[in-house]
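Spelled out, the chains give:
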Amino acid sequence: PWSLTTACTDGSNQTSTIAWHRVVLTLLAAGLIAAAPPSCPAAVEAQLEGLYAWQVARMQQPGRGELASQIKRFTPELYQQLQWAWQLDPRVDGAYLDFDVFSDTQMETYGATVQGCNRLSPQKVDASVAVQWGRGGRAVEAPQVLSYALLWDGSSWRISDITYRKGQNDSSTLTDVLKRL
């Protein structure tokens with residue numbers, strides 16, 4: 001228990017004992033402290049951190065970069081769709097990915113932070129990732145937050161989709177974007 005001493009109007013002090021969980025709940029409700037985001041399995045964090053290490057490195061190279069090196073990070077279905085779209089040329093195919101799928105921008109990626117996960121089932125996790133992006137070496141203040149759906153395939157976590165939030169009630173997914181190409 002914690003002790004709380006309050007000064008009374010008559011000049012005396014009154015001491016009350018309260019349980020620590022009541023203090024924490026009160027502070028949470030008042031917004032004075034933030035609840036920690038749910039932690040992610042280490043293998044989920046490793047998959048996403050590895051993807052963004054590659055993403056940041058490829059920003060230093062001309063072109064889109066070689067997606068094949070990342071094949072183990074995706075479900076076979078998503079990888080096949082993404083690989084097809086990755087190779088589209090608007091001059092030849094009339095369609096192409098007109099944004100970077102790992103930042104939901106047309107700018108450079110400077111890094112990413114896994115913010116937390118929601119375990120939807122033993123085989124499915126949604127991970128929130130804050131992507132730092134910008135141009136000319138200068139990141140914008142507010143990161144782009146993407147939601148990654150990952151599935152456990154029996155040996156590793158694989159990305160099965162990415163959700164892009166456009167506003168409070170507006171979102172789209174990578175699989176939907178790829179279907180429309």
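Here's a quick rundown of the structure. Worth saying up front: this structure is predicted, and the values here are computed from it rather than measured.

**Remarks on the overall build of the protein**
Link 1 in the chain: Of regular secondary structure, the protein possesses 5 helices and 8 strands.
Link 2 in the chain: For the protein, the N- to C-terminal ordering of α and β elements is β-β-α-α-α-α-β-β-β-β-β-β-α.
Link 3 in the chain: Residues counted as buried form 36% of the 181 residues belonging to the protein.
Link 4 in the chain: When the accessible surface of the protein is totalled, it reaches about 11100 Å², and 53% of it is carbon and sulfur.

**A word on the packing of aromatic side chains**
Link 1 in the chain: For the coordinates displayed, the defined rule picks out 8 aromatic pairs.
Link 2 in the chain: Geometrically, the ring pair formed by Trp54 and Trp86 is tilted, given 6.2 Å between the ring centres and 35° between the ring planes. Of this pair, Trp54 sits in helix α2 (residues 42–58) while Trp86 sits in helix α3 (residues 76–86), placing them 32 residues apart in sequence.
Link 3 in the chain: A relative accessible area of 13% places Trp54 in the buried class.
Link 4 in the chain: Counting every residue linked through ring pairs, the aromatic cluster contains Trp54, Phe74, Tyr79, Trp86 and Phe102.
Link 5 in the chain: The positively charged end of Arg64 is found above the aromatic ring belonging to Trp86, 5.4 Å away from the centroid.

**Side note on the nonpolar core**
Across soluble globular proteins, nonpolar side chains show a tendency to be buried alongside one another.
Link 1 in the chain: The biggest cluster of nonpolar side chains holds 35 residues, and the ones touching the most others in it are Leu82, Phe102 and Tyr148.
Link 2 in the chain: Put simply, the parts of the chain that give this core at least two residues each are α2, α3, β3 (108–121), β4 (124–135), β6 (144–152), β7 (157–165) and α5 (174–180).
Link 3 in the chain: For Tyr148, the contacting residues outside a window of four places in its chain are Leu48, Leu51, Tyr52, Phe102, Val125, Asp126, Ala127, Val129, Ile159, Asp161 and Ile162.

**Things to note about unusual backbone geometry**
Trans is the common state for peptide bonds, and a negative phi is the common state for residues other than glycine.
Link 1 in the chain: Despite not being glycine, Asp104 has its phi angle at roughly 60°, a positive value.
Link 2 in the chain: In this structure, Asp104 sits in the loop between α4 (90–93) and β3.
Link 3 in the chain: On the basis of relative accessibility, which here comes to 12%, the residue Asp104 falls in the buried class.

**Regarding the pairing of β3**
As a general feature of sheets, a regular strand has side chains that alternate between the two faces.
Link 1 in the chain: Examined bridge by bridge, β3 and β4 share 11 bridges and lie antiparallel to one another. Bridging across to β4, Ala112 finds its partner in Val131.
Link 2 in the chain: The hairpin formed by β3 and β4 contains 2 residues between the paired strands.

**Things to note about the pattern of salt bridges**
Link 1 in the chain: Under the definition given, this model contains 4 salt bridges.
Link 2 in the chain: A salt bridge links Asp100 to Arg58; the shortest N-O distance between them is 2.3 Å. Placement of Asp100 in the loop between α4 and β3 and of Arg58 in helix α2 is noted, with a sequence separation of 42 residues between them. By the burial criterion, Asp100 is buried, and Arg58 matches it.

Here is what the cut-offs are and how they apply
Counting from 1, residues in each chain are numbered in the order their sequence is written. Reporting in this predicted model follows two pLDDT cut-offs: at least 70 for local features of residues, and 80 or more for side-chain atom pairs to be given and counted; totals over whole chains, interfaces and linings ignore these cut-offs and use all residues. Note that the side-chain values use all heavy atoms of the structure and ignore hydrogens as well as water. By definition, any uninterrupted DSSP run of H or I lasting at least four residues is a helix, any uninterrupted run of E lasting at least two residues is a strand, and each is numbered from the N terminus. For each residue, the accessible area found with a 1.4 Å probe, counting protein chains only, is set against the maximum for its type, and the residue is called buried under 20%, exposed over 50%, and partly exposed in between. Using the Shrake-Rupley algorithm and a 1.4 Å probe, accessible areas are obtained, with residue cover drawn only from the displayed protein chains. Working definition: rings of Phe, Tyr and Trp (its six-membered ring) pair if their centres are within 6.5 Å, and the pair is stacked with planes under 30 degrees apart, edge-to-face with planes over 60 apart, and tilted otherwise. In our convention, an over-ring charge means Lys NZ or Arg CZ found within 6 Å of a ring centre and within 35 degrees of that ring's normal. Among buried residues, the Ala, Val, Leu, Ile, Met, Phe, Trp, Tyr and Cys ones that are joined through side-chain atoms within 4.5 Å form a nonpolar core. Contact criterion: two residues are considered in contact whenever any of their non-hydrogen atoms come within 4.5 Å of each other. For two strands to be treated as a pair, DSSP must find at least two bridges joining them. Only one rule defines a salt bridge in this text: a Lys or Arg side-chain nitrogen within 4 Å of an Asp or Glu carboxyl oxygen.

Everything listed is a geometric property; what it means functionally is a separate question.
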